[in-house]
Amino acid sequence: MENCLFCRIINREIPSSIVYEDDEILAFNDISPQAPVHILLIPKQHIRSTEEITEVNKQIAGRLISAASEIARQKGIEGYRLVFNCGESAGQSVFHLHCHLLGGRDFNWPPG
Ligand code: 5GP
Ligand code: ZN
């Protein structure tokens, strides 16, 4: 989709540090890391947020999560956090579905 930052990253119009790619998803380092490991996993299909996950496309959520856990395993991270911010009030700033993989430090609960 035009003017979508993450679609432009998928199309290589904007450079990124890619850590994993397959036919359906892309994973790359966050430009402003909030932990020693901070990777974003996104579907190649433009989906705005978890609000747009439906019966038809729900398998992509599983793909994102299983790829995130595989990357964490390969990086030898013991505990990690997966975050989907949905909506501005939850902190979503890029409206192309993404899963944050955060690891390499301890995390507090409840989150801020
Ligand atoms: P959100 O706030 O929507 O949950 O997460 C968006 C994430 O995208 C943020 O963590 C932000 O640092 C990251 N981000 C924003 N612009 C870019 C960019 O141009 N390249 C990369 N790699 N990450 C970005
Ligand atoms: Zn997009």
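Small disclaimer: the values here were computed from a predicted structure and weren't measured.

Criteria and cut-off values
- Residues numbered from 1 in each chain as written.
- Chains lettered and ligands numbered in written order.
- Predicted model: local features only at pLDDT ≥ 70, side-chain atom pairs only at ≥ 80, totals over all residues.
- Heavy atoms only, no water.
- Helix = DSSP H or I, 4+ residues; strand = E, 2+ residues; numbered from the N terminus.
- Rg over C-alpha atoms; globule rule 2.2 N^0.38 Å.
- Buried < 20%, exposed > 50% of the residue type's maximum accessible area, 1.4 Å probe, protein only.
- Pairing = 2+ DSSP bridges.
- Axes fitted to C-alpha atoms, helices over the stretch in contact; angles between N-to-C directions.
- Contact = heavy atoms within 4.5 Å.
- Near = heavy atom within 4 Å.
- Polar contact = N/O pair within 3.5 Å; in protein donor to acceptor, adjacent residues only side chain to side chain.
- Areas by Shrake-Rupley, 256 points an atom, 1.4 Å probe, with all protein chains shown as cover.
- Phe/Tyr/Trp six-rings, centres within 6.5 Å; stacked < 30°, edge-to-face > 60°.

Chemist: Could you give me a rundown of the overall build of the protein chain, with the residues and numbers involved?
Modeler: Along the backbone of the protein chain there are two helices and five strands. Ordered by position in the sequence, the α and β elements of the protein chain form the string α-β-β-β-α-β-β. A globule of 112 residues ought to have a C-alpha radius of gyration of about 13 Å, and the protein chain, at 14 Å, matches this closely. With the C-alpha coordinates aligned to their principal axes, the bounding extent of the protein chain is approximately 35 × 30 × 25 Å. A total of 112 residues make up the protein chain; the buried ones form 37% of that total.

Chemist: Any chance you could break down the sheet that holds strand β2 (residues 25-29) for me, citing the residues and the numbers?
Modeler: Neighbouring strands of a sheet are bound in pairs by backbone hydrogen bonds; such pairs are parallel or else antiparallel. Pairing in this open sheet of five strands is antiparallel, and the strands run β1-β2-β3-β5-β4 from one edge to the other. Two strands in the sheet have a free side with no partner beyond their single neighbour: β1 (18-21) and β4 (80-83). Direction aside, the axes of adjacent strands within the sheet are offset by 20° on average. Across five bridges, the pairing between strand β3 (residues 37-43) and strand β5 (residues 99-103) is antiparallel. From the neighbouring strand, Leu40 faces β5, where its bridge partner is His100. Where helix α2 (residues 59-74) meets the sheet, its contacts fall on β1, β2, β3, β4 and β5, and the angle it forms with β3 comes to roughly 155°.

Chemist: If you had to explain the site of ligand 1 to someone new, which residues and values would you point to?
Modeler: Of all residues adjacent to ligand 1, which total 16 residues, the nearest are Asp30, Asn85, Gly91, Ser93 and His100. In this structure, Ile31 approaches ligand 1 through a main-chain N or O atom, which is 3.3 Å from a nitrogen atom. Between ligand 1 and the protein, one listed contact pairs an oxygen atom with a side-chain N or O atom of Asn85 at 2.9 Å. Notes on ligand 1: free accessible area 520 Å², of which the protein chains cover 83%.

Chemist: With reference to specific residues and values, describe the packing of aromatic side chains.
Modeler: Within this structure, the stated rule accounts for one aromatic pair. Ring geometry for Phe6 and Phe28: centres 5.5 Å apart, planes at 80°, overall edge-to-face. Taken together, the residues Phe6 in helix α1 (residues 5-10) and Phe28 in strand β2 connect sequence positions 22 residues apart. On the basis of relative accessible area, Phe6 is assigned to the buried category, the value being 5%. The exposure class of Phe28 is buried, given its relative accessible area of 3%.

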